[in-house]
Amino acid sequence: METKRKIKFGIVGLGHIGKRHLEMIRCNRDAEIVACCDLLPLEELELFIPGIPFYRDYGKMLRQHKEMDVLNICVPNGLHAEITIEALNMGFHVVCEKPMALSKSEAEKMLYKSLEVSRHIFVVKQNRYSPPAMWLKEIINQEQLGKIHMVQMSCFWNRDERYYQPNSWRGTQHEDGGTLFTQFSHFIDIMYWLFGDIKNVKGIFKDFKHEELTDFEDSGVVSFEFVNGGIGCLNYSTAVYNKNLESSVIIIGDKGTVKVAGQYMNEVVYCDIESYEMPELKPSNPPIDYGAYKGSAQNHHYVIANVVNKLQNKAVIATNALEGLKVVDIIERIYQLRDLTSIKRKNGWVKQFNAEEIKRKIS
């Protein structure tokens, strides 16, 4: 039996998520980490990576490691498009953390470049790999719920001063982009994955607790129609006291009703479907633990496995660039509505870094 060569990865950005990518690459026997890059030195990152070249200049890393197959981009959101396009131009495939970009036009440039140079973009949407999400996809595809009447998605998390710290990219308009981009794009991806695009968007947006912490809203109530039929709403907030409350979805169809809930949409809490018996699902993975706050489920190993499987065996990409673009498009349309409703722009003590400033610091 022929032994397939290992897929060689590099990482730019070694914050919480970048370290998670590093761990998952190291745990995959068909993957190999060949280089890493971050703005901060290793001692400040509290990272020990003997034998792996470390750079403070991602451009130099790309030039020095032509053997690399894939670049994993785990930097602030506002830099995703620029670094992705540069990596694609140099012949590398890209794994891009969520969100793919902060505008539809940026995401389109990324997609066009990937087609031009025949390289893949893998967009990280790890919530698709959770057992409840995969079950929902199955029953929707099989039309077990019949015609979809109504969908309610709720995302109620805590993000306070422990998360939005001074002199950080988090909370800035240029590099964070907004609550829906950084915190809840996973769940908008699940909604798009299951039900398709939306239209006739309406919404109310408020900044209850983050006026001195961020440039944007912390809460919103958004209603819409699905292009494929049915109505929906998205209720979200990062102003929840002390800790995450839940992320949930309720689906009402003419043949059944289901609710998936939990801190990160990890439990099926209600299932009543005509002539259907609920199967026993595999347990969900625990959330990523950032200490003072929690993130989504630890499913990054599935992302890395999909990249390896695609490049070794020509498998299907789990979340492709077009799907990543559509999620950005949906969020951008919601935020265009938000901006029309005159959300107050804040100029508090959070230091504002624009994309050019951060690029100069990294490279």
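As the structure is a computational prediction, the values presented were derived from the model and not from experiment.

## Considering the pattern of salt bridges
Here's step 1: All chains considered together, the criterion is met by 13 salt bridges.
Here's step 2: Notably, a salt bridge pairs aspartate 189 with arginine 128, separated by 2.9 Å at the nearest N-O pair. On the criterion of sequence distance, the pair formed by aspartate 189 in helix H8 (residues 185-195) and arginine 128 in the loop between strand S6 (121-123) and helix H6 (131-141) is long-range, its members being 61 residues apart.
Here's step 3: The class for aspartate 189 is buried, based on a relative accessible area of 1%.
Here's step 4: Judged by relative accessible area, which is 5%, arginine 128 ranks as buried.
Here's step 5: In this structure, arginine 338 and glutamate 217 form a salt bridge, with 2.8 Å as the shortest nitrogen-oxygen distance. Taken as a pair, arginine 338 in helix H10 (residues 321-340) and glutamate 217 in the loop between strand S8 (198-206) and strand S9 (219-226) lie far apart in primary sequence, 121 residues in all.
Here's step 6: When its relative accessible area of 0% is taken as the criterion, glutamate 217 is described as buried.
Here's step 7: Among the ionic contacts, a cluster of salt bridges with common partners joins Asp197, Lys326, Asp329 and Arg333.

## Brief notes about the nonpolar core
Here's step 1: In terms of nonpolar packing, the biggest core is built from 72 residues, with Leu71, Leu136, Leu180, Phe195, Leu234, Tyr236 and Ile251 touching the most fellow members.
Here's step 2: With sequence-adjacent residues up to four places away left out, leucine 136 is seen in contact with Leu194, Val249, Ile251, Val258 and Val260.
Here's step 3: The next biggest cluster of nonpolar side chains, apart from the first, holds 25 residues, and it includes Leu14, Ile33, Cys36 and Val308.

## Description of unusual backbone geometry
Keep in mind that most residues, glycine aside, have a negative phi and that most peptide bonds are trans.
Here's step 1: Here lysine 98 and proline 99 are connected by a cis peptide whose omega angle stands at -15°.
Here's step 2: We note that asparagine 167 has phi near 60°; this positive angle belongs to a residue other than glycine.
Here's step 3: Tracing the sequence through the fold places asparagine 167 in the loop between strand S7 (148-156) and helix H7 (179-182).
Here's step 4: Relative accessible area serves as the criterion here: at 53%, asparagine 167 is assigned to the exposed category.
Here's step 5: A positive phi angle is found at methionine 265, which is not glycine, with a value near 55°.
Here's step 6: Secondary-structure assignment places methionine 265 in the loop between strand S12 (256-261) and strand S13 (267-273).

## Regarding the packing of H8 against H10
To characterise two packed helices, one gives the angle between the axes of the helices and the distance between these axes.
Here's step 1: Packing of H8 against H10 leaves a shortest axis separation of 10 Å and a crossing angle of 110°. Accordingly, the angle class assigned to the pair H8 and H10 is roughly perpendicular. Between H8 and H10 lies a crossing of right-handed hand. On H10, the residues touching Ser185, Ile188, Asp189, Tyr192 and Trp193 of H8 are Glu323, Lys326, Val327, Ile330 and Ile331.

## Some thoughts on the sheet that holds S6
Here's step 1: Spatially, six strands are ordered S3-S2-S1-S4-S5-S6 in an open sheet, and the strand pairing comes out parallel. Unpaired on one side and paired on the other, strand S3 (54-55) and S6 mark the two borders of the sheet.
Here's step 2: Strands in contact with helix H9 (residues 300-313) are strand S1 (7-12), strand S2 (31-37), strand S4 (70-73), strand S5 (93-96) and S6; relative to S1, the strand with the most contacts, it is inclined by about 135°.

## Concerning H8
Here's step 1: When you tally the buried positions in H8, you get 11 out of 11 residues, the bulk of the element.
Here's step 2: Of the residues making up H8, those classed as buried are Ser185, His186, Phe187, Ile188, Asp189, Ile190, Met191, Tyr192, Trp193, Leu194 and Phe195.
Here's step 3: Positive phi shows up at glycine 196, right after H8, with a value of about 90°.

## Considering the pairing of strand S11 (residues 246-253)
Looking along a regular strand, one sees side chains alternate from face to face of the sheet.
Here's step 1: The pairing of S7 with S11 spans eight bridges and is classified as antiparallel. Bridge pairing in S11 places serine 154 opposite serine 248.
Here's step 2: Summarising the sheet, S11 and S12 pair through five bridges and their orientation is antiparallel. By the bridge assignment, isoleucine 251 is partnered in S12 with valine 258.

## Points about a nonpolar patch on the surface
Here's step 1: Together, Met150, Ile231 and Ile252 line one region of the surface with nonpolar side chains, adding up to about 230 Å² of accessible area.
Here's step 2: When you line up the elements, methionine 150 lands in strand S7.
Here's step 3: Residue methionine 150 is classed as partly exposed on the basis of its relative accessible area, which comes to 35%.

## Overview of the packing of helix H5 (residues 104-117) against H10
Here's step 1: Remark: H5 packs on H10, axes separated minimally by 9 Å, with the N-to-C direction vectors making an angle of 170°. The orientation of H5 with respect to H10, classified from their angle, is roughly antiparallel. Residues Lys104, Ala107, Glu108 and Leu111 of H5 pack against Ala321, Leu322, Leu325, Val328, Asp329 and Glu332 of H10.
Here's step 2: Per-class residue counts for the contact of H5 with H10 are six nonpolar, no polar and four charged.

How each quantity is defined
- Residues numbered from 1 in each chain as written.
- Predicted model: local features only at pLDDT ≥ 70, side-chain atom pairs only at ≥ 80, totals over all residues.
- Heavy atoms only, no water.
- Salt bridge = Lys/Arg side-chain N within 4 Å of Asp/Glu carboxyl O.
- Helix = DSSP H or I, 4+ residues; strand = E, 2+ residues; numbered from the N terminus.
- Buried < 20%, exposed > 50% of the residue type's maximum accessible area, 1.4 Å probe, protein only.
- Core = buried A, V, L, I, M, F, W, Y, C linked by side-chain atoms within 4.5 Å.
- Contact = heavy atoms within 4.5 Å.
- Axes fitted to C-alpha atoms, helices over the stretch in contact; angles between N-to-C directions.
- Parallel < 35°, antiparallel > 145°, perpendicular 65-115°, else oblique.
- Left-handed = near helix turned anticlockwise from the far one by under 90°.
- Pairing = 2+ DSSP bridges.
- Patch = residues over 30% accessible without salt bridge, like charges linked within 9 Å, V, L, I, M, F, W, Y side chains within 5 Å.
- Areas by Shrake-Rupley, 256 points an atom, 1.4 Å probe, with all protein chains shown as cover.
- Nonpolar A, V, L, I, M, F, W, Y, C, P; charged D, E, K, R; others polar.

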